[in-house]
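Residues per chain are reported as follows:
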Amino acid sequence: MSSPPGGKASPSLPVGAAAMAADPPSPTGARPFPEPRVPRSGGLLRVRLRPVAAGRIPGQRGARMVRAAPSLVRRLWPLRRPALPSAVAALALAGSGVLILHLVQRQTGTTGLLVGLGLSLLPLPFVLGALAWLNQTARVPIRHTLFCLAWGACAATTVAILANGWTSDFLMAHQGARGESLGAEFATPLIEEVAKGSALLMLLLPLRRRHRCEEGRPCGRLRRLLWHRHRDGEGPVAHFRPAPAGQQRARSRPRTLAAGAVLGGVTACGFAFTENVLYLGRAFTADRQARLDAIGLGRTPSLRDFDGTVHTFVLRALLSPFAHPLFTALAGIGLAVTLTTGRRWAARLGAPAGLVLAMGLHGVWNAAAGLGTDGFLLVYGLVMVPCFAALVCFAVWAQTRRARQSARPG
């Protein structure tokens, strides 16, 4: 700004005073007072301005006090958007935790529940330690891992127990003895993998712009496919389209794939923990009841009376602690491919292929339990061990690739 000819700078005027000075005076000598502007409010609270007294310049203390009230109310509002989903999720998980505890205690008894809790804790540090090692590449926040662990241990198991019970009763009523095998090989994998995969959907899908996806990437296109229509409100739902010409198709990064595996593995780890509590508690309760019956018949008690509990512990805690994490990790990797890849066919087939592989491997594992010892060991050696080795190779590849990218200059 230039100074006046006299060489002295003019004192600064408030905005309202400058506006009054710019208006020409009326014939009576009084200047017209500008009307107060009503700001637009797109939220739930509307800003209401009181009429300003004559001679009061807008922007002084009185006007600021009137406009500061809605912002103070917004600051004190208890149910703000970031806190409301967290509170609802915490309440839902707490309620499902109480419900699953009641359901397990009703089937195992109090003593069986305590024994199942103690035995199920033994393999948990090893599985979580392996996932923590993989999380060095994924760098998943601790709040997300805790949510997945609680979801698998409480919500997913509650849905699985209730849905499996209803499905088993329905199949046995219509198919007889064959309905039990159908439920274990087809219905149970579908119900359990969908229940566990729901946590991955809530964390990996860009709900409420959780991940800022570009419009040209499949992540943004998938968001429009599920929640958004065209701007004019007419026409079909947005669909996948190939990447624009001249742009290089992006591949899924190792960190994103590792994040899908970590989230799926942690969710399945919580699910397997609660399931082990149920199976081990029921086995211990059955063995204890058989031992009491044997004592009543005059037989000498021995440690062989708990062979059922030992067999269940060896099968679930020693031979297959990574079974459920392996299943759900496949679904997590497939969903991560769908959300991050730039290839059209991979974006369409990633999540369905991962879920189908998880359910198929889960069904094969359940079917192996009815093939006897030899059949179980054959399936374990030919299917489970190679799949677990492939997952380990993937984890090592992700770690190596991430280390190379970090060491690359620039």
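Residues numbered from 1 in each chain as written. Predicted model: local features only at pLDDT ≥ 70, side-chain atom pairs only at ≥ 80, totals over all residues. Heavy atoms only, no water.

### Side note on helix H8 (residues 254–296)
Here is step 1 of the chain: For H8, which comprises 43 residues, the first-to-last C-alpha distance of 61 Å matches the rise-based estimate of 63 Å (1.5 Å per residue) to within 8%.
Here is step 2 of the chain: Downstream of H8 by one or two residues, glycine 298 has phi in the positive range, about 90°. (Helix = DSSP H or I, 4+ residues; strand = E, 2+ residues; numbered from the N terminus. Expected span 1.5 Å × (residues − 1).)

### As for unusual backbone geometry
With the exception of glycine, the majority of residues adopt a negative phi angle, and the majority of peptide bonds are in the trans configuration.
Here is step 1 of the chain: We note that arginine 139 has phi near 55°; this positive angle belongs to a residue other than glycine.
Here is step 2 of the chain: Counting through the fold element by element, arginine 139 comes out in the loop between helix H4 (124–138) and helix H5 (142–175).

### A closer look at the environment of threonine 340
Here is step 1 of the chain: As for its position among the elements, threonine 340 is in helix H10 (residues 323–340).
Here is step 2 of the chain: C-alpha of threonine 340 to C-alpha of leucine 257: the two residues are 83 residues apart in sequence and 8.9 Å apart in space.

### Focus: helix H12 (residues 372–407)
Here is step 1 of the chain: Under the 1.5 Å per step criterion, the end-to-end length of H12 is 51 Å for 36 residues, consistent within 8% with the ideal 52 Å.
Here is step 2 of the chain: At tyrosine 380, H12 shows its maximal kink, close to 35°.
Here is step 3 of the chain: Of the residues making up H12, those classed as buried are Gly375, Phe376, Val379, Met384, Phe394, Ala395, Ala398 and Gln399.
Here is step 4 of the chain: Packed against the buried residues of H12 are H4, H8, helix H9 (307–319), H10 and helix H11 (344–368). (Bend = angle between axes of the 7 residues up to and from the residue. Buried < 20%, exposed > 50% of the residue type's maximum accessible area, 1.4 Å probe, protein only. Contact = heavy atoms within 4.5 Å.)

### Some thoughts on a nonpolar patch on the surface
Here is step 1 of the chain: Together, Trp133, Phe388, Val392 and Val396 line one region of the surface with nonpolar side chains, adding up to about 330 Å² of accessible area.
Here is step 2 of the chain: It is H12 that provides the largest number of residues to the nonpolar patch, a total of three residues.
Here is step 3 of the chain: Relative to the helices and strands, valine 396 is located in helix H12.
Here is step 4 of the chain: For valine 396, a relative accessible area of 42% gives the class partly exposed. (Patch = residues over 30% accessible without salt bridge, like charges linked within 9 Å, V, L, I, M, F, W, Y side chains within 5 Å. Areas by Shrake-Rupley, 256 points an atom, 1.4 Å probe, with all protein chains shown as cover. Salt bridge = Lys/Arg side-chain N within 4 Å of Asp/Glu carboxyl O.)

### Points about the pattern of salt bridges
Between side chains of opposite charge, pairing is possible as soon as their charged atoms come close.
Here is step 1 of the chain: Across all of its chains, the model carries three salt bridges by this definition.
Here is step 2 of the chain: Of the charged contacts in the structure, one is a salt bridge between arginine 291 and aspartate 305, with a shortest N-O distance of 3.6 Å. One end of the pair, arginine 291, is in helix H8; the other, aspartate 305, is in the loop between H8 and H9, and 14 residues separate them in sequence.
Here is step 3 of the chain: Residue classification places arginine 291 among the partly exposed positions, given a relative accessible area of 27%.
Here is step 4 of the chain: Residue class for aspartate 305 comes out partly exposed when judged on its relative accessible area of 22%.

### As for the packing of aromatic side chains
Here is step 1 of the chain: Enumeration according to the criterion identifies seven aromatic pairs in this entry.
Here is step 2 of the chain: Note on tryptophan 365 and tyrosine 380: the rings are 6.3 Å apart at their centroids and 50° apart in plane angle, and the pair reads as tilted. With tryptophan 365 in helix H11 and tyrosine 380 in helix H12, the pair connects residues that are 15 residues apart, well separated along the chain.
Here is step 3 of the chain: Exposure remark for tryptophan 365: the relative accessible area of 13% places this residue in the buried category.
Here is step 4 of the chain: Note on tyrosine 380: relative accessible area 23%, which makes it partly exposed.
Here is step 5 of the chain: An angle of 35° between the planes, with centres 6.1 Å apart, marks the rings of phenylalanine 394 and tryptophan 397 as tilted. With phenylalanine 394 and tryptophan 397 both in helix H12 and three residues apart, the pair spans about one turn of that helix.
Here is step 6 of the chain: In textbook terms, an aromatic cluster arises when at least three aromatic residues are bridged by ring pairs, as seen for Trp365, Phe376 and Tyr380. (Phe/Tyr/Trp six-rings, centres within 6.5 Å; stacked < 30°, edge-to-face > 60°.)

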